[in-house]
Amino acid sequence: MHTKTAFAAIAASIVLAACGTPYGSYGLLGGYTETQLADNVWQVTFEANGYTRQATTVRYAMLRCAELTLEQGYRYFVIVNKEAYSQGAGMISSGGFNATSSTMGNSTFTTGSTSGLSAMISYPTADQTIMMFKEKPEGVLSYDAETTCRSIGAKEGVVCSTLKEKGKQP
């Protein structure tokens, strides 16, 4: 009976892990988080699982930056710092596995021994600090939040909640 319970838990973990990270706030499969650093400055992070492409992770972070900009009553945002494209790593195994894990920064290191098939999986992360503006700032690369929501949202099949509420996106 104890073996059946352990097998069910492992099977459920494998099923969940086989799904890419959906766009949304941080949950079981990953997602976005944000932290306000000043009145109009926010840090947005999107953490994905090993079944999500890095390019998708970066687009999801940009989408959240745009959506958050609109939620806060602004129209434009500038990326003032980005650490997009970092990757953590983990290991899965279909046989026995005895391991020790440690984390440094955005990376997780796993050491141990396995029997059977094992694979290394990377976990893409996009981390961006943005500054928001009501008017288009001069002399700096800025993004129009509405355009970004429509463009990336259409590409990823996501409707920005802020545009949906305003009736600006189908």
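Residues numbered from 1 in each chain as written. Predicted model: local features only at pLDDT ≥ 70, side-chain atom pairs only at ≥ 80, totals over all residues. Heavy atoms only, no water.

## Concerning the environment of D39
Okay, so step 1: Position of D39 among the secondary structure elements: in the loop between β1 (31-38) and β2 (41-47).
Okay, so step 2: The class of D39 is exposed, set by a relative accessible area of 68%.
Okay, so step 3: The spacing of D39 and Q72 is 33 residues in sequence and 9.6 Å in space, taken between C-alpha atoms. (Helix = DSSP H or I, 4+ residues; strand = E, 2+ residues; numbered from the N terminus. Buried < 20%, exposed > 50% of the residue type's maximum accessible area, 1.4 Å probe, protein only.)

## As for the pattern of salt bridges
Okay, so step 1: If you walk through the whole model with that rule in mind, you get six salt bridges.
Okay, so step 2: A salt bridge links E71 to R64, with the shortest nitrogen-to-oxygen separation between them at 3.1 Å.
Okay, so step 3: On the basis of relative accessible area, E71 is assigned to the partly exposed category, the value being 38%.
Okay, so step 4: Relative accessible area serves as the criterion here: at 4%, R64 is assigned to the buried category.
Okay, so step 5: Among the salt bridges present, the one from D144 reaches R75, with a minimum N-O distance of 2.8 Å. Taken together, the residues span a long stretch of sequence, with D144 in strand β8 (residues 143-144) and R75 in the loop between α2 (54-71) and β3 (76-82) at a distance of 69 residues.
Okay, so step 6: The exposure class assigned to D144 is buried, which follows from its relative accessible area of 17%.
Okay, so step 7: Since its relative accessible area comes to 29%, R75 is described here as partly exposed.
Okay, so step 8: Here the salt bridges share partners, and the residues they tie into one network are E34, R64, E67 and E71. (Salt bridge = Lys/Arg side-chain N within 4 Å of Asp/Glu carboxyl O.)

## Things to note about helix α3 (residues 145-156)
Okay, so step 1: Over its twelve residues, α3 extends 16 Å from the first C-alpha to the last, a length consistent with the 16 Å expected when each residue adds 1.5 Å.
Okay, so step 2: For α3, the N-terminal capping position is held by D144, with its side-chain oxygen 2.9 Å away from the main-chain nitrogen of E146. (Expected span 1.5 Å × (residues − 1). Polar contact = N/O pair within 3.5 Å; in protein donor to acceptor, adjacent residues only side chain to side chain.)

## A closer look at α2
Okay, so step 1: Across its 18 residues, α2 extends 26 Å between first and last C-alpha, which sits within 8% of the 26 Å expected from 1.5 Å per residue.
Okay, so step 2: Counting buried residues along α2, 16 of its 18 residues qualify, which places the element largely inside the surrounding structure.
Okay, so step 3: Looking at the residues trailing α2, positive phi occurs at G73, about 90°.

## Considering the state of the cysteines
Okay, so step 1: Applying the stated criterion across every chain, the model contains one disulfide.
Okay, so step 2: A disulfide bridge connects C149 with C160, and the sulfur atoms are separated by 2.3 Å. The chirality of the disulfide connecting C149 with C160 is left-handed, given an S-S dihedral of about -95°. Note that C149 is positioned in helix α3 and C160 in the loop between α3 and α4 (161-166), a separation of eleven residues in sequence. For the pair C149 and C160, one class covers both residues: buried. (Disulfide = S-S within 2.5 Å.)

## Examining the pairing of β1
Okay, so step 1: Pairing between β1 and β2: seven bridges, direction antiparallel. Across the sheet, residue E34 finds its bridge partner in β2, namely V44.
Okay, so step 2: With antiparallel pairing between neighbouring strands as the criterion, β1 and β2 make up a hairpin whose turn holds two residues. (Pairing = 2+ DSSP bridges.)

## Quick word on the confidence of the model for the protein chain
Close inspection of predicted coordinates is inappropriate for parts of the model with low pLDDT.
Okay, so step 1: In this model, the protein chain carries an average pLDDT of 78, and 63% of its residues clear a pLDDT of 70 or more.
Okay, so step 2: The weakest mean pLDDT in the protein chain belongs to helix α1 (residues 2-17) at 49; the strongest belongs to β8 at 98.
Okay, so step 3: Below a pLDDT of 50 lies the segment residues 6-17, which in the model reaches four contacts outside its immediate sequence neighbourhood of four places, other chains included. (pLDDT = per-residue confidence, 0-100. Contact = heavy atoms within 4.5 Å.)

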